[in-house]
Amino acid sequence: ASSLEGPSPRSASHVSASNDSLWVYGGYRKFAGDGEGDDGRDVSGEGRVLLHFSSDEDVDGSTSRLGGFDGSTAAREGRDGDGDRGGDQQMFGHPRGLFVLCATETWERYSYYAMRALLVLYMRDVLLARGAWSDVWGMRALASAYGAPDDDAPDETRDRQVLALASRLYGLYTALVYLTPLLGGYLADRHFGAHPLIVLGAATMGCGHALLARRRAFLIGAALIVLGNGCFKPNVSTRVGRLYHRGDSRRDVAFGLFYCGINLGAAVAPLAAGILHAEDGYEAGFVSAAVGMAACLATYAFFGYLVDAGEASARKSGGGGGW
């Protein structure tokens, strides 16, 4: 029996092994192989095989390798177009460009959430301090619209005013962060393409995070982050989709891995920023966010050719990648 003859269907998630193969199941999937003329390939059923490790040979004589996170094997990939395409090398059954985009997004999310963890506290303690807020560039106009703190008011009253203004500015900032990707997506689709806007967005956000550490330029830095996020955020996700042709079974798993990278960056960032703030002040936290964006840009710039190769292979095998 060859390694392609998987075990019989099971209804529960489980792990089983046969003929130098390890099959990891999630849900229910049916395999051919019991009937005459069957070749042991996955033919129907619900659920999916999460992983398949094999050391035997495929039906065409080539050596099997680690299957994708959705259980695609070398033989199945050759039949369905889920494997190596146009010379694009794979990692764990996925284009290597996927992991470049995951790392890029992890660093970007670290940068964003490290800054957000400190934002309101920084405005309360430093930016809107008594007698010091009016020399921040652009703050007088915003304070007049959202309620300027009264420097002559008692401490308790003024603290409430400062917290109210800081919360409103934080709300305005986050609203714009989620609004500008509409513009960035439009510009990428209609004019510039995803790649140049990703580079521009990462560089702009890096400059913005660095400016946050300079009190008078705080609002300029926040504006740059908003604009850079609009260029960066929608187009990284778009490039993940373009690594797979339409109908590729690995696509859902790819986005799951991509969001694992997002959550990793978002989980580590507040902890790291808080430690840096406690040790060296707010500026250290903002500088760490700028360093995170520099790492994001470097990852994408040095390894972006892998993303290009994955997109080219998807276009050749499936008539074009994309949503």
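Throughout what follows, the structure given in this document is the object of discussion. Not measured: the values here are computed from a predicted model.

1. Remarks on the packing of helix H6 (residues 218-242) against helix H7 (residues 251-280)
Here is step 1 of the chain: At their nearest, the axes of H6 and H7 sit 10 Å apart, and the two run at 145 degrees to each other. Here H6 and H7 pass one another in a crossing that is right-handed. For the pair formed by H6 and H7, the contact residues are Lys 233, Val 236, Ser 237, Val 240 and Gly 241 on the first element and Arg 251, Phe 255, Phe 258 and Ile 262 on the second.
Here is step 2 of the chain: In terms of residue class, the contact of H6 with H7 is built from 5 nonpolar, 2 polar and 2 charged.

2. Observations regarding the packing of aromatic side chains
Here is step 1 of the chain: The final tally for this structure, using the stated rule, is 7 aromatic pairs.
Here is step 2 of the chain: Both rings, one in Trp 107 and one in Tyr 110, keep their centres 6.1 Å apart while their planes meet at 80 degrees; by these two values the pair is edge-to-face. Pair noted here: Trp 107 and Tyr 110 are both in helix H2 (residues 96-127), with a separation of 3 residues, about one helical turn.
Here is step 3 of the chain: Given the relative accessible area of 11%, Tyr 110 is considered buried.
Here is step 4 of the chain: Aromatic rings pair up to connect Tyr 122, Phe 218, Tyr 282 and Phe 286 into one cluster.

3. Re unusual backbone geometry
Here is step 1 of the chain: Positive phi, normally seen in glycine, also occurs at Phe 92, with a value near 55 degrees.
Here is step 2 of the chain: For Phe 92, the location among the structural elements is in the loop between strand E6 (90-91) and strand E7 (94-95).

4. Overview of H6
Here is step 1 of the chain: Counted at 1.5 Å a residue, the expected span for H6 with its 25 residues is 36 Å, and the 36 Å between its end C-alpha atoms agrees.
Here is step 2 of the chain: Approximately 30 degrees is the largest bend angle found in H6, and it occurs at Asn 229.
Here is step 3 of the chain: Within H6, 19 of the 25 residues are buried, which leaves it mostly tucked inside the rest of the structure.

5. So, the packing of helix H3 (residues 139-146) against helix H4 (residues 155-192)
Here is step 1 of the chain: Two elements in contact, H3 and H4, have axes whose closest approach is 10 Å; the angle formed by their N-to-C orientations is 105 degrees. In terms of their interaxial angle, H3 and H4 are classed as roughly perpendicular. Of the residues in H4, those in contact with Met 139, Leu 142, Ala 143 and Tyr 146 of H3 are Leu 165, Arg 168, Leu 169 and Leu 172.
Here is step 2 of the chain: Here the contact of H3 with H4 is built from residues that sort into 7 nonpolar, no polar and 1 charged.

6. Some remarks on the pattern of salt bridges
Here is step 1 of the chain: Here the structure, examined in full by the defined rule, presents 11 salt bridges.
Here is step 2 of the chain: Its salt-bridge partner being Lys 233, residue Glu 105 comes within 2.3 Å of it at the nearest N-O pair. On the criterion of sequence distance, the pair formed by Glu 105 in helix H2 and Lys 233 in helix H6 is long-range, its members being 128 residues apart.
Here is step 3 of the chain: Among the ionic pairs, Asp 155 bridges to Arg 130, the shortest N-O distance being 2.6 Å. Of this pair, Asp 155 sits in helix H4 while Arg 130 sits in the loop between H2 and H3, placing them 25 residues apart in sequence.
Here is step 4 of the chain: Judged by its relative accessible area of 52%, Asp 155 is exposed.
Here is step 5 of the chain: By relative accessible area, which is 38% here, Arg 130 ends up partly exposed.

7. Here's the deal with the side chain of His 209
Here is step 1 of the chain: By the secondary structure assignment, His 209 is in helix H5 (residues 194-212).
Here is step 2 of the chain: Taking relative accessible area as the criterion, His 209 reaches 1% and is therefore assigned buried.
Here is step 3 of the chain: Setting aside residues no more than four positions away along its own chain, His 209 makes contact with Ser 111, Tyr 112, Met 115, Ile 225, Phe 286, Ala 289, Ala 290 and Met 293.

How each quantity is defined
- Residues numbered from 1 in each chain as written.
- Predicted model: local features only at pLDDT ≥ 70, side-chain atom pairs only at ≥ 80, totals over all residues.
- Heavy atoms only, no water.
- Axes fitted to C-alpha atoms, helices over the stretch in contact; angles between N-to-C directions.
- Helix = DSSP H or I, 4+ residues; strand = E, 2+ residues; numbered from the N terminus.
- Left-handed = near helix turned anticlockwise from the far one by under 90°.
- Contact = heavy atoms within 4.5 Å.
- Nonpolar A, V, L, I, M, F, W, Y, C, P; charged D, E, K, R; others polar.
- Phe/Tyr/Trp six-rings, centres within 6.5 Å; stacked < 30°, edge-to-face > 60°.
- Buried < 20%, exposed > 50% of the residue type's maximum accessible area, 1.4 Å probe, protein only.
- Expected span 1.5 Å × (residues − 1).
- Bend = angle between axes of the 7 residues up to and from the residue.
- Parallel < 35°, antiparallel > 145°, perpendicular 65-115°, else oblique.
- Salt bridge = Lys/Arg side-chain N within 4 Å of Asp/Glu carboxyl O.

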